[in-house]
Amino acid sequence: AQSVTQLDSHVSVSEGTPVLLRCNYSSSYSPSLFWYVQHPNKGLQLLLKYTSAATLVKGINGFEAEFKKSETSFHLTKPSAHMSDAAEYFCVVSDGGSGGYNKLIFGAGTRLAVHP
Amino acid sequence: DVKVTQSSRYLVKRTGEKVFLECVQDMDHENMFWYRQDPGLGLRLIYFSYDVKMKEKGDIPEGYSVSREKKERFSLILESASTNQTSMYLCASLTDRENEQFFGPGTRLTVL
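Fair warning: this is a prediction, and the values are worked out from it, not measured in the lab.

1. What about the overall build of chain A?
When its secondary structure is counted, chain A shows 0 helices and 12 strands. Counted from the first residue to the last, chain A has its helices and strands arranged as β-β-β-β-β-β-β-β-β-β-β-β. Its C-alpha atoms give chain A principal-axis dimensions of roughly 45 × 30 × 20 Å. Counting every position in chain A, which comprises 116 residues, the buried fraction comes to 47%. Looking at chain A alone, contacts between residues at least 24 apart form 56% of all its contacts between residues at least 6 apart. Element-wise, carbon and sulfur atoms account for 52% of the exposed surface of chain A, whose accessible area totals about 5300 Å². The averaged location of the 8 negative side-chain charges in chain A is 5 Å from the averaged location of its 9 positive side-chain charges.

Have a look at this one:
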């Protein structure tokens, strides 16, 4: 069965410093992986997705993630944090389409705080 | 752009009331989903539908039912609300041709 572990429930960084949000997954086959962001009182927005093309995936707002099969990781990074990046981030794995659709398995979320 | 709308942003109900949460999408997507979001648990799938009048249980369907009479609309029903159903409810839609789900803004339900 697929599962997702986000290794940090809270991450705090200063504005202008790098961001690293860690995610490990387990999957019995080549998965599709996603990062979603949720700003306060907003719905989830897709940041980026990996679907077996390039292992380094670039997303919106300067975020990127690298798929590392050997480490079963899909960590999210950004070189320089901005105040507007403060939000909750979810790492998500797709179960590959069983039952005619792609069921999503969500991690518990990482809340990112950005300080001036 | 895909738009998924939910009928209420905030809702307060009393224990035992029947509650309807409505979701509408405007992109002719075949699949629609209802999740609940709780702190530390991420999103958990309640029910989904892959076609009109079709529904499948997700991971936590107990205490909920759904209705999909039209392709664009997917309703979540709490037959008799209980305090442990206080949560954020998120609706999503998905086309068969892609694997990205699009989410609505959520309904924060409080059951007193």
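2. With respect to the sheet that holds strand β1 (residues 4-6) of chain B
Residue and element names in this part refer to chain B. On the basis of which strands lie adjacent, the open sheet formed by 4 strands has the order β1-β3-β8-β7 and antiparallel pairing. Strands with a single pairing partner mark the edges of an open sheet, and in this sheet they are β1 and β7 (65-70). Each adjacent strand pair in this sheet contributes to an overall mean axis angle of 20°, direction not counted.

3. Points about the pattern of salt bridges
In total, this model carries 10 salt bridges over all chains according to the counting rule given. Here Arg22(A) ties to Asp8(A) by a salt bridge, and the two come within 3.0 Å at their closest N and O atoms. Here Asp8(A) lies in the loop between β1 (3-6) and β2 (10-14) and Arg22(A) lies in the loop between β3 (19-21) and β4 (23-26), a separation of 14 residues in the sequence. What makes Arg22(A) partly exposed here is its relative accessible area of 33%. Of the charged contacts in the structure, one is a salt bridge between Lys18(B) and Glu79(B), with a shortest N-O distance of 3.5 Å. With Lys18(B) in the loop between β2 (10-13) and β3 (19-25) and Glu79(B) in the loop between β8 (73-78) and β9 (87-94), the pair connects residues that are 61 residues apart, well separated along the chain. For Lys18(B), a relative accessible area of 44% translates into the label partly exposed. Taking relative accessible area as the criterion, Glu79(B) reaches 43% and is therefore assigned partly exposed. Residues participating in the shared-partner salt-bridge network are Arg36(B), Asp38(B) and Arg44(B).

4. A short note on the confidence of the model for chain A
Within chain A, residue pLDDT values average 89, and 94% of them lie at 70 or more. Looking over chain A, one finds the lowest element-wise mean pLDDT in strand β11 (residues 104-106) of chain A, namely 88, and the highest in β3(A), namely 98.

5. Let's talk about the interface of chain A and chain B
Of the residues lining the interface, 21 residues belong to chain A; the matching set on chain B comes to 23 residues. Taken over both partners, the interface formed by chain A and chain B buries close to 1700 Å², and the fraction arising from carbon and sulfur atoms is 51%. Along the contact surface separating chain A from chain B lie 0 salt bridges. Counting every contact that joins chain A to chain B gives 2 residue pairs in polar contact (both at pLDDT 80 or more). At 4 residues, strand β5 (residues 32-38) of chain A tops the list of elements feeding residues into the side of chain A that touches chain B.

Parameters and conventions
Residues numbered from 1 in each chain as written. Chains lettered and ligands numbered in written order. Predicted model: local features only at pLDDT ≥ 70, side-chain atom pairs only at ≥ 80, totals over all residues. Heavy atoms only, no water. Helix = DSSP H or I, 4+ residues; strand = E, 2+ residues; numbered from the N terminus. Buried < 20%, exposed > 50% of the residue type's maximum accessible area, 1.4 Å probe, protein only. Contact = heavy atoms within 4.5 Å. Areas by Shrake-Rupley, 256 points an atom, 1.4 Å probe, with all protein chains shown as cover. Lys, Arg positive; Asp, Glu negative; His and termini not counted. Charge placed at Lys NZ, Arg CZ, Asp CG, Glu CD. Pairing = 2+ DSSP bridges. Axes fitted to C-alpha atoms, helices over the stretch in contact; angles between N-to-C directions. Salt bridge = Lys/Arg side-chain N within 4 Å of Asp/Glu carboxyl O. pLDDT = per-residue confidence, 0-100. Buried area = accessible area lost by both parts, 1.4 Å probe. Polar contact = N/O pair within 3.5 Å; in protein donor to acceptor, adjacent residues only side chain to side chain.

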